[in-house]
Amino acid sequence: MMISVWQEGYILLNTILGGGLIGFIYDLYKIFRRIFHPKKIATLIQDLLFWIIISIVAFYILIMTNQGTLRFYNFLGFLIGAIIYNYFCSKKVTKIILYIIKKIKTFFKDLYQLTIYPFRVGLCIIEVPYSYCKTKTKPIYYKVQREIKNQKIAKQYREMFSNEKPQKKEKK
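Residues numbered from 1 in each chain as written. Predicted model: local features only at pLDDT ≥ 70, side-chain atom pairs only at ≥ 80, totals over all residues. Heavy atoms only, no water.

**Q** Sorry, what's going on with the overall build of the chain here?
**A** Helix and strand counts for the chain come out as 3 helices and 0 strands. Start at the N end of the chain and walk to the C end: the helices and strands fall as α-α-α. Dimensions along the principal axes, computed over C-alpha positions, put the chain at roughly 120 × 50 × 30 Å. When the 172 residues of the chain are sorted by exposure, 19% land in the buried category. Of all intrachain contacts in the chain linking residues separated by at least 6 positions in sequence, the fraction that spans at least 24 positions is 75%. Element-wise, carbon and sulfur atoms account for 69% of the exposed surface of the chain, whose accessible area totals about 15400 Å². Taking the average location of the 28 positive side-chain charges in the chain and that of its 9 negative ones, the two points are 4 Å from each other. (Helix = DSSP H or I, 4+ residues; strand = E, 2+ residues; numbered from the N terminus. Buried < 20%, exposed > 50% of the residue type's maximum accessible area, 1.4 Å probe, protein only. Contact = heavy atoms within 4.5 Å. Areas by Shrake-Rupley, 256 points an atom, 1.4 Å probe, with all protein chains shown as cover. Lys, Arg positive; Asp, Glu negative; His and termini not counted. Charge placed at Lys NZ, Arg CZ, Asp CG, Glu CD.)

**Q** Explanation requested: the nonpolar core in the structure shown.
**A** Here is a general trend for soluble globular proteins: nonpolar side chains tend to be buried in one another's company. One finds Ile 22, Ile 25, Tyr 29, Phe 50, Ile 54, Val 57, Ala 58, Ile 61, Leu 62 and Phe 78 forming the largest nonpolar core, which totals 10 residues. The set of elements that each furnish at least two residues to this core consists of helix H1 (5–36) and helix H2 (40–66). With 6 residues, H2 is the largest single contributor of residues to this core. Those residues in contact with Phe 78 that lie beyond four places of it in its chain are Thr 15, Gly 18, Gly 19, Ile 22, Ala 58, Ile 61 and Leu 62. (Core = buried A, V, L, I, M, F, W, Y, C linked by side-chain atoms within 4.5 Å.)

**Q** I would appreciate a short explanation of the packing of aromatic side chains in the present structure.
**A** Each aromatic ring pair is described using two quantities: the centre-to-centre distance and the angle formed by the ring planes. Summed over the entire model, instances satisfying the criterion amount to 6 aromatic pairs. Look at Tyr 29 and Phe 50: their rings are 5.0 Å apart centre to centre, the planes differ by 20°, and that puts the pair in the stacked class. Residue Tyr 29 is found in helix H1, and its partner Phe 50 is found in helix H2; the two are separated by 21 residues along the sequence. Here Tyr 29 falls in the buried class, since its relative accessible area comes to 12%. Its relative accessible area of 10% is what places Phe 50 among the buried residues. For the pair Phe 32 and Phe 36, a centre-to-centre distance of 4.7 Å together with 50° between the ring planes defines the contact as tilted. With a gap of 4 residues between them, Phe 32 and Phe 36 both fall in helix H1, about one helical turn apart. Residue class for Phe 32 comes out partly exposed when judged on its relative accessible area of 38%. In this structure Phe 36 comes out as exposed when scored by relative accessible area, which is 52%. (Phe/Tyr/Trp six-rings, centres within 6.5 Å; stacked < 30°, edge-to-face > 60°.)

**Q** Help me understand the packing of H1 against H2, please; the structure alone is not making it clear to me.
**A** Axes are the key here: two packed helices are described by the angle between their axes and the distance separating the axes. Running from N to C, H1 and H2 point in directions that differ by 165°, and their axes come no closer than 10 Å. On the basis of the axis angle, H1 is roughly antiparallel to H2. The crossing of H1 and H2 is right-handed. Between H1 and H2, the contacting residues are Tyr 10, Ile 11, Asn 14, Thr 15, Gly 18, Leu 21, Ile 22, Ile 25, Tyr 26, Tyr 29, Phe 32 and Arg 33 on the first element and Thr 43, Gln 46, Asp 47, Phe 50, Ile 53, Ile 54, Val 57, Ile 61, Leu 62, Thr 65 and Asn 66 on the second. (Axes fitted to C-alpha atoms, helices over the stretch in contact; angles between N-to-C directions. Parallel < 35°, antiparallel > 145°, perpendicular 65-115°, else oblique. Left-handed = near helix turned anticlockwise from the far one by under 90°.)

**Q** Hey, could you run me through helix H3 (residues 72–161) in this one?
**A** An α-helix turns once per 3.6 residues; consequently, residues spaced three or four apart project the same way. An ideal rise of 1.5 Å per residue puts 134 Å on 90 residues; H3 reaches only 104 Å between its terminal C-alpha atoms. Roughly 60° is the biggest bend found in H3, and it falls at Cys 89. Burial in H3 covers these residues: Tyr 73, Asn 74, Gly 77, Phe 78, Gly 81, Tyr 85, Ser 90, Val 93, Thr 94 and Ile 97. Each element contacted by the buried residues of H3 is listed here: H1 and H2. (Expected span 1.5 Å × (residues − 1). Bend = angle between axes of the 7 residues up to and from the residue.)

As structure tokens, this is what we get:
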């Protein structure tokens, strides 16, 4: 079956857009790795998932545009799209995505602070009288502890140095 030049041009443009989409997915992958710093096994699994996603995107674009027929200009289109995206858009898109992530992180941090604020206020209301009472009663508490300890020690000394021998139980 003959494909017209217009159809081939359409297929080439779609594969160029697909290459740009693949470049965008790669940027997302780089950002994800920059944020989470995965270990070796996690990196292996992420690389595998990345290539599976890329394959699905490429397969979908090829199926939707030219019924899965592979031609040289399909690969050329993906390559040109990825290079154009990387050269013109990658840095800007990465900055925008990092900015959005930073704002989302700030939002959740502020939401957490806003949620925990009433509990902090309640803790302060409870803590101030407790601290005051603690500072006023601390010397008394330690004095009482010393007295109890001294009484226990005195009792032990009395038991050790008493001349009385322990009484044995009588047998019946």
